[in-house]
Amino acid sequence: MTDWLELPFDDEPAPIETRPLSVSELTSGIRALIETAFASVFVEGEISNCRRWSSGHIYFTLKDDRAQLRGVVFRTTVRTLRFTPEDGMRVVARGRLSVYDAKGEYQIICDTLEPNGLGALQAAFEQLKRRLQTEGLFDAA
């Protein structure tokens, strides 16, 4: 009679890959997982480090009191915004998560960006008003 300890298990784990992955292979795999699991998300936070590049893209960090997330609004989407994103502004971003391979960082690629609390038209109005005031157009002189 065979000892029960010598019998093979039906639920043995699959063999572990012994070949090391390159950083690119690992990052590509992580990107595939993230893009599948978070294909459409809404994220609320405060904008910081907001920069518009000569390409027309806007890059920023979206943060709350415990975490931060890189964000990008590509030029074609920037054209549809009815306000100008600024540091300190609270927003709701809708988009998809991805990984920027060159830095190995995950980010949200925004399809829409809306001020949180104010409507887009109100925010645009307030920004225009501040700019005109800075230019002195409201001075009585």
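Refer to the structure above for everything that follows.
Below you will find a few notes about this structure. (Residues numbered from 1 in each chain as written. Predicted model: local features only at pLDDT ≥ 70, side-chain atom pairs only at ≥ 80, totals over all residues. Heavy atoms only, no water.)

### Considering the nonpolar core
Ranked by internal contacts, the top residues of the largest apolar core, which has 21 residues, are Phe60, Val73 and Leu113. Broken down by secondary-structure element, the contributors of at least two residues to this core are strand 1 (41–52), strand 2 (58–63), strand 3 (68–73), strand 4 (90–100) and strand 5 (105–115). For this core, the leading source of residues is strand 4, giving four residues. In this structure, Val73 is in contact with His57, Ile58, Phe60, Val78, Leu81, Cys110 and Leu113, ignoring residues within four places of it in sequence. (Core = buried A, V, L, I, M, F, W, Y, C linked by side-chain atoms within 4.5 Å. Buried < 20%, exposed > 50% of the residue type's maximum accessible area, 1.4 Å probe, protein only. Helix = DSSP H or I, 4+ residues; strand = E, 2+ residues; numbered from the N terminus. Contact = heavy atoms within 4.5 Å.)

### What to know about the side chain of Thr27
Residue placement: Thr27 occurs in helix 1 (residues 23–37). Contacts of Thr27, omitting those with residues within four sequence positions, involve Val99 and Asp101.

### A few points about the sheet that holds strand 2
The mixed closed barrel is built from five strands, whose spatial order is 1-2-3-5-4. On average, adjacent strands in this sheet sit at an angle of 50 degrees to one another, irrespective of strand direction. In this sheet, strand 2 lies alongside strand 1 in antiparallel orientation, the contact comprising five bridges. Bridge pairing links Glu46 to Lys63 in strand 2. (Pairing = 2+ DSSP bridges. Axes fitted to C-alpha atoms, helices over the stretch in contact; angles between N-to-C directions.)

### Notes on unusual backbone geometry
Trans is the common state for peptide bonds, and a negative phi is the common state for residues other than glycine. With a phi angle near 50 degrees, Asn49 is a residue other than glycine that sits in the positive phi range. With respect to the secondary-structure elements, Asn49 resides in strand 1. Overall, the relative accessible area of 47% leaves Asn49 in the partly exposed class.

### Quick look at a nonpolar patch on the surface
Taken together, the side chains of Leu21, Leu26 and Ile30 present a nonpolar region at the surface, about 270 Å² in accessible area. Here Leu21 lies in the segment before helix 1. Relative accessible area serves as the criterion here: at 49%, Leu21 is assigned to the partly exposed category. (Patch = residues over 30% accessible without salt bridge, like charges linked within 9 Å, V, L, I, M, F, W, Y side chains within 5 Å. Areas by Shrake-Rupley, 256 points an atom, 1.4 Å probe, with all protein chains shown as cover. Salt bridge = Lys/Arg side-chain N within 4 Å of Asp/Glu carboxyl O.)

### Concerning the pairing of strand 5
Judged from the three bridges that link them, strand 3 and strand 5 form a sheet pairing that is parallel. Note that in strand 5 the partner of Gly71 across the bridge is Ile108. Here strand 4 runs beside strand 5; their pairing, made up of ten bridges, is antiparallel. By the bridge assignment, Ala93 is partnered in strand 5 with Leu113. Connecting strand 4 to the next strand, strand 5, in antiparallel fashion are four residues, including Gly104 with a positive phi near 65 degrees.

So yeah, pure geometry; function would need other evidence.
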